[in-house]
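# Structural overview
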Amino acid sequence: MATFKPKNILITGAAGFIASHVANRLVRNYPDYNIVVLDKLDYCSNLKNLNPSSSSPNFKFVKGDIASADLVNYVLITENIDTIMHFAAQTHVDNSFGNSFEFTKNNIYGTHVLLEACKVTGQIKRFIHVSTDEVYGETDEDAVVGNHEASQLLPTNPYSATKAGAEMLVMAYGRSYGLPVITTRGNNVYGPNQFPEKLIPKFILLAMKGKSLPIHGDGSNVRSYLFCEDVAEAFEVILHKGEVGHVYNIGTKKERRVVDVAKDICKLFNVNPENSIQFVENRPFNDQRYFLDDQKLKNLGWFERTTWEEGLKKTMEWYTSNPGWWGDVSGALLPHPRMLMMPGGIERQTEKNESKKTDIFTASKATGMLVPSTKSIQKPAFKFLIYGKTGWIGGLLGKLCEKQGIPYEYGRGRLEDRSQLVSDILTVHPTHVFNAAGVTGRPNVDWCESHKTETIRTNVAGTLTLADVCREHNILLINYATGCIFEYDAAHPEGSGVGFKEEDTPNFTGSFYSKTKAMVEELVKEYDNVCTLRVRMPISSDLSNPRNFITKISRYNKVVNIPNSMTILDELLPISIEMAKRNLRGIWNFTNPGVVSHNEILEMYKKYINPEFKWTNFTLEEQAKVIIAPRSNNELDASKLKKEFPEMLSIKESLIKYVFEPNGKNQA
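Scope of this entry: the structure provided in the associated data block. (Residues numbered from 1 in each chain as written. Predicted model: local features only at pLDDT ≥ 70, side-chain atom pairs only at ≥ 80, totals over all residues. Heavy atoms only, no water.)

## With respect to the overall build of the protein
- If you tally the helices and strands in the protein, you get 23 helices and 22 strands.
- Out of the 668 residues belonging to the protein, those deemed buried represent 54%.
- Taking the contacts inside the protein whose residues are at least 6 apart along the sequence as the reference set, 80% of them involve residues at least 24 apart.
- Total accessible area on the protein stands at roughly 29300 Å², and carbon and sulfur atoms take up 51% of it. (Helix = DSSP H or I, 4+ residues; strand = E, 2+ residues; numbered from the N terminus. Buried < 20%, exposed > 50% of the residue type's maximum accessible area, 1.4 Å probe, protein only. Contact = heavy atoms within 4.5 Å. Areas by Shrake-Rupley, 256 points an atom, 1.4 Å probe, with all protein chains shown as cover.)

## Looking at the sheet that holds strand β7 (residues 188-190)
- Taken in spatial order, the 3 strands make up an open sheet running β7-β9-β11, and their pairing is mixed. Among the strands making up the open sheet, the edge pair consists of β7 and β11 (255-257). Strand-to-strand twist across the sheet, computed as the mean angle between neighbouring axes with direction ignored, equals 50 degrees.
- As paired strands, β7 and strand β9 (residues 222-227) are joined by 3 bridges and run parallel to one another. Considered in β9, the bridge of Tyr190 is made with Phe227. (Pairing = 2+ DSSP bridges. Axes fitted to C-alpha atoms, helices over the stretch in contact; angles between N-to-C directions.)

## Some words on helix α8 (residues 258-268)
- Taken together, the buried positions of α8 are Val258, Val259, Val261, Ala262, Ile265 and Cys266. Buried residues of α8 fall within an arc of 155 degrees about the axis and therefore sit on the same side.
- Note on α8: the residue one or two positions beyond its end, Asn270, has a positive phi of about 55 degrees. (Arc of directions from axis to C-beta.)

## Digging into the pairing of strand β17 (residues 432-435)
- Side chains His432 and Phe434 project from β17 onto one buried face, and the interleaved Val433 and Asn435 project onto a second face that is buried too.
- Two strands pair when backbone bridges link them, and strand β15 (residues 384-387) and β17 are joined in this way by 4 bridges, in the parallel orientation. Bridging across to β17, Ile386 finds its partner in Phe434.
- Taken together, the 4 bridges between β17 and strand β18 (residues 476-482) define a ladder with parallel strand orientation. Its bridge partner being in β18, Val433 is matched across the sheet by Leu477.

## Concerning helix α11 (residues 308-321)
- Taking 1.5 Å of rise per residue, the 14 residues of α11 would be expected to cover 20 Å, and the 20 Å separating its terminal C-alpha atoms lies within 8% of that figure.
- Along α11, the positions that sit buried rather than exposed are Trp308, Gly311, Leu312, Thr315, Met316, Trp318 and Tyr319. Take α11 and look down its axis: the buried residues cluster within an arc of 160 degrees, on one side only. With respect to the buried face of α11, the exposed residues turned more than 90 degrees away are Glu309 and Ser321. (Expected span 1.5 Å × (residues − 1).)

## Here we look at the sheet that holds strand β19 (residues 530-535)
- Pairing within the open sheet is parallel, and its 6 strands lie in the order β16-β15-β17-β18-β19-β21. Edge positions in the open sheet fall to β16 (408-410) and β21 (586-589), since each of these has one partner strand only. Neighbour-to-neighbour, the strand axes of the sheet open up by a mean angle of 20 degrees, direction not taken into account.
- Of the strand pairs in this sheet, β15 and β16 are connected by 3 bridges, and their pairing is parallel. Counted as the bridge partner of Leu385 is Glu409 from β16.

## Quick notes on the pattern of salt bridges
- All told, the structure shown has 24 salt bridges when counted by the stated rule.
- When the shortest N-O distance is used, the salt bridge between Arg185 and Glu167 registers 2.6 Å. Here Arg185 is found in strand β6 (residues 181-186), whereas its partner Glu167 is found in helix α5 (residues 158-177), with 18 residues between them in sequence. Summarising the burial analysis for this pair, Arg185 and Glu167 share the class buried.
- In this structure, the salt-bridge partner of Glu521 is Arg534, at a minimum N-O distance of 2.6 Å. Here Glu521, found in helix α17 (residues 512-524), pairs with Arg534, found in strand β19; they are 13 residues apart in sequence, far enough to count as distant.
- Look at the salt bridges and you will find they share partners, linking Arg25, Glu229 and Glu236 into a network. (Salt bridge = Lys/Arg side-chain N within 4 Å of Asp/Glu carboxyl O.)

## Let's talk about the packing of helix α14 (residues 418-428) against helix α16 (residues 452-472)
- With their axes 10 Å apart at the nearest point, α14 and α16 run at an angle of 40 degrees to one another. Here α14 is positioned oblique relative to α16, judged by the angle of their axes. Where α14 crosses over α16, the two elements pack in a sense that is right-handed. Contacts from Arg418, Leu421, Val422 and Ile425 in α14 reach Thr465, Leu466, Asp468, Val469, Cys470 and Glu472 in α16. (Parallel < 35°, antiparallel > 145°, perpendicular 65-115°, else oblique. Left-handed = near helix turned anticlockwise from the far one by under 90°.)

## Quick look at the nonpolar core
- Counting residues in hydrophobic clusters, the biggest one holds 72 residues, and the most contacted among them are Ile11, Leu26, Met85, Ile200 and Ile265.
- When residues in this core are grouped by element, the largest group, 8 residues, is from helix α7 (residues 228-241).
- Setting aside anything within four residues of it in sequence, one finds Ile11 in contact with Ala19, Ala23, Leu26, Ile35, Val36, Val37, Leu38, Met85 and Phe87.
- If you look at the next biggest cluster of nonpolar residues, it comprises 30 residues, including Phe384, Tyr480, Cys531 and Phe645. (Core = buried A, V, L, I, M, F, W, Y, C linked by side-chain atoms within 4.5 Å.)

These figures capture arrangement, not role.
Printed below as a string of structure tokens:
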């Protein structure tokens, strides 16, 4: 049997439970494979699930919806994708009884978009479609042989019906267009990182809280459970050894009643099942049993490695060690949850401003059912929440959003007040958050020397709180930081052209402002949802703004003359918005390439703005006599930013194009 070797794999829904384990496994085991993840970050997804892969060079995350044909085609082409592993789906049966149209949209239409993109691009060598054992419907209670891959599909709930419908599309595209498709149908999976709407994590979290475990009906329903790492290995085997056009069951012969699962969890927590188990109203329809014949997959060399006892213990230990992984999941822990995709549901009761998400449904007076509206509502691709409304950069960001047609709102909460930040996010529902707030001094950084607690409160505590809240809500934070945390040293001497790189350790502690900025940068590195932009000596075309570096030095009686890296906001702020759209993360030296000295800037000022302008230089020693805190002077290496945005101009070219030439024309 020939072994298939992919090059560039697209995994949909990989911020979710099963797919994240598959993605992390492939990234870890196959460094020569490029793994691209596409996920819209729905309520049951979490970027933290991909933490093991986030820093790997063969991993890339794209935030987006598989229902967007333009996006899917773009990703397939630009990433040269040859293999798709399609996990993205709505999967919780309880939710499908309340909002089945969302399941049709995600599970059928989304799959159709992917298949059509594969047909159009003509470059896919494997399309692995992830389905479920529930498409077979109920297995007879006395059956000794499980459903095999050729068994009839008889789904019994809206969720499994949409998965069966998606399978039909996959099969049709395989036969009609020759797409190299493989389908998998799996038993229940459990383990770390699973959203707690599912049985096992729900019971574990409830047991941790000392609450009762709700069981639908009498608990006699039988299910088969596989540990997540075993399932990830199954997909690894199917990827390399699976035959095109075939279906593979991923299952286990070891079955358990739901009530026995609850008892085993009670045992782990040393609680009495009789006091802890609560029997509640059953689902509208609850299949009694799913039973699979998994011999075909075993013939490829896969087998279950993890015992039930071992897997359950590992899962319990993970949840007890990571109780806040999913944030507030109280809605998921109810006996009959209706989660985030449910219009007007439990998790939406406090989100009164989200009318756009519910406008796509109308209530039929005749039936009381939710039906799709004939009027389509186009949700904006981006919506920004900006902190720092009264600040220079924050104000410019708002104007840029208006110019680009990007919906935005300014945050009302104070950065150090977590509850206010959460309220802002629940009200605005941003796709990205921009932090342009902070204390730089009034009028300069000398103020921070005598107001240290206020500086810490905003620059350190506030920034960290915002990063943490954004991470909890799976939102990328663009954080405007500073490059004034370095000073020229022996390894980076003035005039050498050797700049400090993103990974270098800050070495400037002359001002308390810089201390706080270096401190928070070191801490915020631990947040995988933050893009830190090191701004230096910002300059804009608005020469009337007193915060503009050119405006400042043109008004000084004397100036030092030292080459420095600087940031031309007219050019780089739009780049920061593009960085948000690309979901870029980590630390970036956010300056134009190269350096420019005070004298060189003032020479340009004299040439373009005021031919009569004159100035006097003084030394750093003389400057130190008229300021309280020393100032940072350095060159930052901007090659990382230049590589991402090759059109970016050098500092001197950018000064002329964006600042002096426009102002020179205005003067004329």
